[in-house]
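So the chains spell out like this:
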Amino acid sequence: MSAVTVAKKIRLGLWLLLAPLFLWLVLLIILPHFELLAFSLIDPEDQGFTFEFYLEFFQEPLYWRTFLRTAVMSILATILTLVIAFPVAFYIAKMLRGRSKGIVFAMCLIPFWVSELVRTFGWMILLRESGVISNFLQWSGLASGPVELLYTDATIMLGLVYTSMLFMVVPLVSTLDSLDDSYIEAGYDLGGSNWDVMREIIIPHAVPGIVSGCIIVFMLSLGNYLTPVLLGGKDSLWFTEQIYTQFITRFNWEQGSAFGLLLLLLSSLIVWAGLKATGQSFTKTMG
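Residues numbered from 1 in each chain as written. Predicted model: local features only at pLDDT ≥ 70, side-chain atom pairs only at ≥ 80, totals over all residues. Heavy atoms only, no water.

Trainee: Please explain the domain arrangement of the chain as it appears in this structure.
Mentor: Accessible area lost on assembly of the parts is the figure often given for the size of an interface. You can read the domains of the chain as domain 1 (1–41) and domain 2 (54–286). Facing 6 residues of domain 1, the contacting portion of domain 2 comprises 8 residues. A buried area of about 590 Å², summed over both sides, lies between domain 1 and domain 2, and 76% of it is on carbon and sulfur atoms. It is L36, F39 and S40 in domain 1 that bury the most area against domain 2; as a group they hold 73% of the surface buried on that side. Here domain 1 is connected to domain 2 by 0 salt bridges. (Domains from an automatic or database assignment. Contact = heavy atoms within 4.5 Å. Buried area = accessible area lost by both parts, 1.4 Å probe. Salt bridge = Lys/Arg side-chain N within 4 Å of Asp/Glu carboxyl O.)

What follows is the structure, encoded as structure tokens:
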């Protein structure tokens, strides 16, 4: 068998392996987005070309203020998730060895074996007026009556951090696991304190994991629907709720399509700005 024939078979096998990925991208991502673009640019009355549905976003304060609120809270949720997840990831990657490392990592995965809806309802059972925490506070004498902990921004933040934690821990563990322990030991041998070693060795090495985790958590938080609506109530003012309202409640597919594409465009712009501000590139981070 000639080298040319072998190369052709390898190339064919590679295309066959990539075919499911291409089909998934084309059928479930690219084509639906083109359909949304067509809906958002065509006037349903005269079938003409229009930017009316995009201009509505900027002309109506409720829409762009809701997006700003959603973006700011998603950024805060990303920062909180990073602050909580980094020590956990470092402990798993560098402090644990053998079976205990796998056990602790599996414990981080267990909550995600059930759906997001079930986990969110679990928080509602804990935090509602007649829930576990409220009953405990009354039983212990710390509260004189039922305490409603739901339907606040703090509750939404709690839910966002909880639902996104794994997506920050996994890339951080993968990145920190590749850090040679000898570099950390050398830092201490040269007289560095814990903070010096963290700042000069550990954090620079973990930057790709930090950036990739932040991108994933931010996009998941920004596009989340269940957690803000269930934990924040009808006054949660989350942008995905505005999209849902346009599609399902008002049957305004043109406006909903425009909002969906604006969410994609503006969130991508925020991620790009964040990468530029930190001196990172998307290709380098994903690599």
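Trainee: Honestly, unusual backbone geometry in this entry has me stumped. Any pointers?
Mentor: Trans is the common state for peptide bonds, and a negative phi is the common state for residues other than glycine. With a phi angle near 50°, L237 is a residue other than glycine that sits in the positive phi range. On the secondary structure map, L237 appears in the loop between helix 10 (226–232) and helix 11 (239–249). What makes L237 partly exposed here is its relative accessible area of 37%. The backbone of F251 shows a phi angle near 55°, a positive value even though the residue is not glycine. (Helix = DSSP H or I, 4+ residues; strand = E, 2+ residues; numbered from the N terminus. Buried < 20%, exposed > 50% of the residue type's maximum accessible area, 1.4 Å probe, protein only.)

Trainee: Got a minute to help me understand the packing of helix 11 against helix 12 (residues 253–277) in this structure?
Mentor: Between two packed helices, both the angle of their axes relative to each other and the distance between the axes serve to describe the pair. Running from amino to carboxyl end, helix 11 crosses helix 12 at an angle of 155°, the nearest separation of the two axes being 7 Å. Taken together, the axes of helix 11 and helix 12 lie roughly antiparallel to each other. Crossing of helix 11 against helix 12: the hand is left-handed. Here F239, T240, Q242, I243, Q246 and F247 of helix 11 come into contact with helix 12, specifically with W253, Q255, G256, S257, F259, G260 and L263. Taken together, the residues that form the contact of helix 11 with helix 12 break down as 6 nonpolar, 7 polar and no charged. (Axes fitted to C-alpha atoms, helices over the stretch in contact; angles between N-to-C directions. Parallel < 35°, antiparallel > 145°, perpendicular 65-115°, else oblique. Left-handed = near helix turned anticlockwise from the far one by under 90°. Nonpolar A, V, L, I, M, F, W, Y, C, P; charged D, E, K, R; others polar.)

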